[in-house]
Amino acid sequence: MILNPCLLAAFIDFYIAGSNDPLLGSFWTCDGAWSSLSIMCCFFNPIPLGVVALVALAVISQAEVPQVGTERFEALRAELRPDSEEQWRQIPWRISLLEAQREAVAAGKPLFIWAMDGHPLGCT
Amino acid sequence: MLDRASTFAHPDIVRHLTDAYIPVAIDQAYQRRQQDAEGRFYRKIAGQSPRNDFKKTTQGFYAATSGGALLFYNNNRDPDKVARLLVRALNAHEEGKEKETLAAAPIADGERDARYSPTPPAGGLVVRVHAKVLGGYPEETENRWTKIFQSALGRDNLWITKAEHDALVAGEFPNALLMRLARFHLVDNTRGEPPMWKPEELRDSLITFEDGVVKGKVLLEAADGKRRYEASLYGVVEMEGKRVRRFDLVADGLFEGGGRFTRNPPPGKFPFAVSFTLADGSEAADAIPPQGSRGWVEGYFR
């Protein structure tokens, strides 16, 4: 059984050189920026599948950032969901100082201001 | 992060702020500069504290009467100390309450200083952004504050313009949206204010949007090579008529490095993820501007 080495070469390009993206087509057409390894592989066509598979497996194992699938997507959504029970979230924070001032006047209460560099409820 | 998990996790403080005070959270970088009624009221209060140089940060905790008289200023997050100060200030407020009630009048917004009053784009979308370091910190620290940082969830908002909203409805994922999402939101904000990415630091990006599914990848790298994030993107976007009713996206990858205010990241490359989900307006934080828009909203949208 024979595998087209262009596939392997493009695969290696993507994972080692980052020049192609198999998701978007250049993997199949070999029309991206080729490394010398890609070109060499095409000259030595055909290559036994066993060798190709071994090399491909070695290359795949180097892929540090695999494509996210639906399972990982759901797991990350759950992991990055804030805990609504956190204590600081139970405090009825206002974000407008003057709205708070008007409420304080009406309620006869003092103001508490949490003033930070960056918004305290956001990116800080 | 530290205040949320320490000071505002103290049950007495939560109770006092909920029952006896009107609590407000602000980014003082706006109020100490803005030339309008809100800025003047803030500076009236802060000006009575040691943080009265408005060219510098005035961050901290303030208690004040509704008329603007300072009851206390404190920039120490020790929960027991803050709890004591809250009680003392309440007592002082009670003692002077009658006089205060007579003196204080509601302050109208008046004309807002537009430079410091950004609002979400009309017809656009507000998306909640959460970020987390998924691993890589050295084993078990005994330091309480370090523990908080290491498990923190960063929070920000992504603003999407009406034109980008319309493009999503039409089945396109606009390049401008991908650029903004990457530059201002694929940042590690779990240990403080992060540096944003410059346009040229987005080295590579690819995105597809077919049948409501977003797939892609991004590579961000600082010019000095000391900060880097390579991630895959996956998301689901659903429409209802001419509106997006679901926008859920995750970025999953490897981050490296920190910034001036986000020091002590895990060593080397570490797993880091960012999630995006449509805001429904149920949280006060849904209304705050994106950190990346701070000081230059036009630059955020450009």
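Residues numbered from 1 in each chain as written. Chains lettered and ligands numbered in written order. Predicted model: local features only at pLDDT ≥ 70, side-chain atom pairs only at ≥ 80, totals over all residues. Heavy atoms only, no water.

## Considerations on the overall build of chain B
For chain B, the helix and strand inventory stands at 10 helices and 10 strands. Along the longest, intermediate and shortest principal axes, the C-alpha atoms of chain B span 65 × 50 × 35 Å. Here chain B holds 302 residues, and the buried ones make up 54% of them. Taking as baseline every contact in chain B between residues at least 6 positions apart, the subset at least 24 positions apart corresponds to 60%. With an accessible surface of roughly 13,600 Å², chain B has 49% of that area assigned to carbon and sulfur atoms. (Helix = DSSP H or I, 4+ residues; strand = E, 2+ residues; numbered from the N terminus. Buried < 20%, exposed > 50% of the residue type's maximum accessible area, 1.4 Å probe, protein only. Contact = heavy atoms within 4.5 Å. Areas by Shrake-Rupley, 256 points an atom, 1.4 Å probe, with all protein chains shown as cover.)

## Some words on the overall build of chain A
Summing up its helical and strand segments, chain A has 6 helices and 3 strands in all. Tracing chain A from N to C terminus, the helices and strands come up as β-α-α-α-β-α-α-α-β. By the burial criterion, 42% of the 124 residues in chain A qualify as buried. Long-range contacts, defined here as pairs at least 24 residues apart, represent 47% of the contacts in chain A between residues at least 6 apart. Carbon and sulfur atoms form 61% of the exposed surface of chain A, whose accessible area is close to 6,300 Å².

## Re the confidence of the model for chain A
In low-pLDDT regions, the fine details of the predicted coordinates are not to be read closely. Per-residue confidence for chain A averages 66 on the pLDDT scale, and 48% of its residues sit at or above 70. A low-confidence stretch, residues 1-47 of chain A (pLDDT under 50), is modelled with 69 contacts involving residues beyond four sequence positions or located in other chains. (pLDDT = per-residue confidence, 0-100.)

## Considerations on the environment of P118(B)
Residue and element names in this part refer to chain B. Looking at the element boundaries, P118 is found in the loop between α6 (97-103) and β4 (125-133). Considered as a pair, P118 and V297 are 179 residues apart in the sequence and their alpha carbons are 7.1 Å apart. In this view, P118 contacts Y30, W159, P289 and V297; residues no more than four positions away in its chain are not counted.

## So, the sheet that holds strand β8 (residues 228-240) of chain B
Residue and element names in this part refer to chain B. Spatial ordering of the open sheet is given by β5-β4-β10-β9-β8-β7-β6, a layout of 7 strands whose pairing is antiparallel. Pairing within the sheet leaves two strands with one partner each, and these edge strands are β5 (153-160) and β6 (202-210). The sheet shows a mean angle of 15° between the axes of neighbouring strands, direction not considered. Note: strand β9 (residues 243-256) against strand β10 (residues 269-278), 9 bridges, orientation antiparallel. (Pairing = 2+ DSSP bridges. Axes fitted to C-alpha atoms, helices over the stretch in contact; angles between N-to-C directions.)

## Considering the interface of chain B and chain A
Contact with chain B, which involves 89 residues of that partner, is made by 55 residues of chain A. Between chain B and chain A, the buried area comes to about 6,700 Å², and carbon and sulfur atoms account for 64% of it. Of all residues in chain B, R4(B), I22(B) and V24(B) bury the most surface against chain A, accounting for 12% of the area lost on that side. At the boundary of chain B and chain A, one finds 5 salt bridges. The partner of D109(B) in a salt bridge is R102(A), and the shortest N-O contact between them spans 3.3 Å. Taken together, the residues of the side of chain B that touches chain A sort by class into 48 nonpolar, 19 polar and 22 charged. In terms of strand pairing, strand β3 (residues 111-116) of chain A meets strand β2 (residues 60-64) of chain B through 5 bridges, oriented antiparallel. (Buried area = accessible area lost by both parts, 1.4 Å probe. Salt bridge = Lys/Arg side-chain N within 4 Å of Asp/Glu carboxyl O. Nonpolar A, V, L, I, M, F, W, Y, C, P; charged D, E, K, R; others polar.)

## A few points about the environment of F173(B)
All names here are of chain B. Assignment of secondary structure puts F173 in the loop between α8 (162-169) and α9 (175-185). Residue classification places F173 among the buried positions, given a relative accessible area of 10%. Setting aside residues no more than four positions away along its own chain, F173 makes contact with L168, L178, L181, I207, F209, V214 and F247.

## Side note on the packing of helix α2 (residues 11-19) of chain B against helix α5 (residues 79-95) of chain B
Residue and element names in this part refer to chain B. Their axes nearest at 9 Å, the elements α2 and α5 cross at an angle of 30°. It follows that α2 is roughly parallel to α5 by the angle criterion. For α2 against α5, the interelement crossing comes out left-handed. For the pair formed by α2 and α5, the contact residues are I13, H16 and L17 on the first element and P79, V82, A83, L86, V87 and L90 on the second. (Parallel < 35°, antiparallel > 145°, perpendicular 65-115°, else oblique. Left-handed = near helix turned anticlockwise from the far one by under 90°.)

## Brief notes about the sheet that holds strand β1 (residues 22-27) of chain B
Remark on secondary structure: sheet strands pair via backbone hydrogen bonds, oriented parallel or antiparallel. One open sheet holds the 4 strands; their spatial order is β1(B)-β3(A)-β2(B)-β3(B), and the pairing between them is mixed. The outermost strands of the open sheet, each flanked by one partner alone, are β1 and β3 (70-74) of chain B. Across the sheet, the mean angle from the axis of one strand to that of its neighbour is 15°, orientation sign disregarded. Against the sheet, helix α6 (residues 97-107) of chain A touches β3 of chain A together with β1 of chain B, its axis set at about 165° to β1(B). Across the sheet, α5(B) is in contact with β3 of chain A together with β2 and β3 of chain B; its angle to β3(B) comes to roughly 170°.

## A closer look at the nonpolar core
In this structure, L158(B), F173(B), L186(B), Y229(B), F247(B) and F276(B) are the most contacted members of the largest nonpolar core, which totals 41 residues. Among the elements of the structure, β4, β5, α9, β6, β7 (213-221), β8, β9 and β10 of chain B are those that each provide at least two residues to this core. A total of 6 residues in this core trace back to one element, the largest contributor, which is β4(B). Grouped together as the second largest cluster of nonpolar side chains are 25 residues, L121(A), Y21(B), A63(B) and A89(B) included. (Core = buried A, V, L, I, M, F, W, Y, C linked by side-chain atoms within 4.5 Å.)

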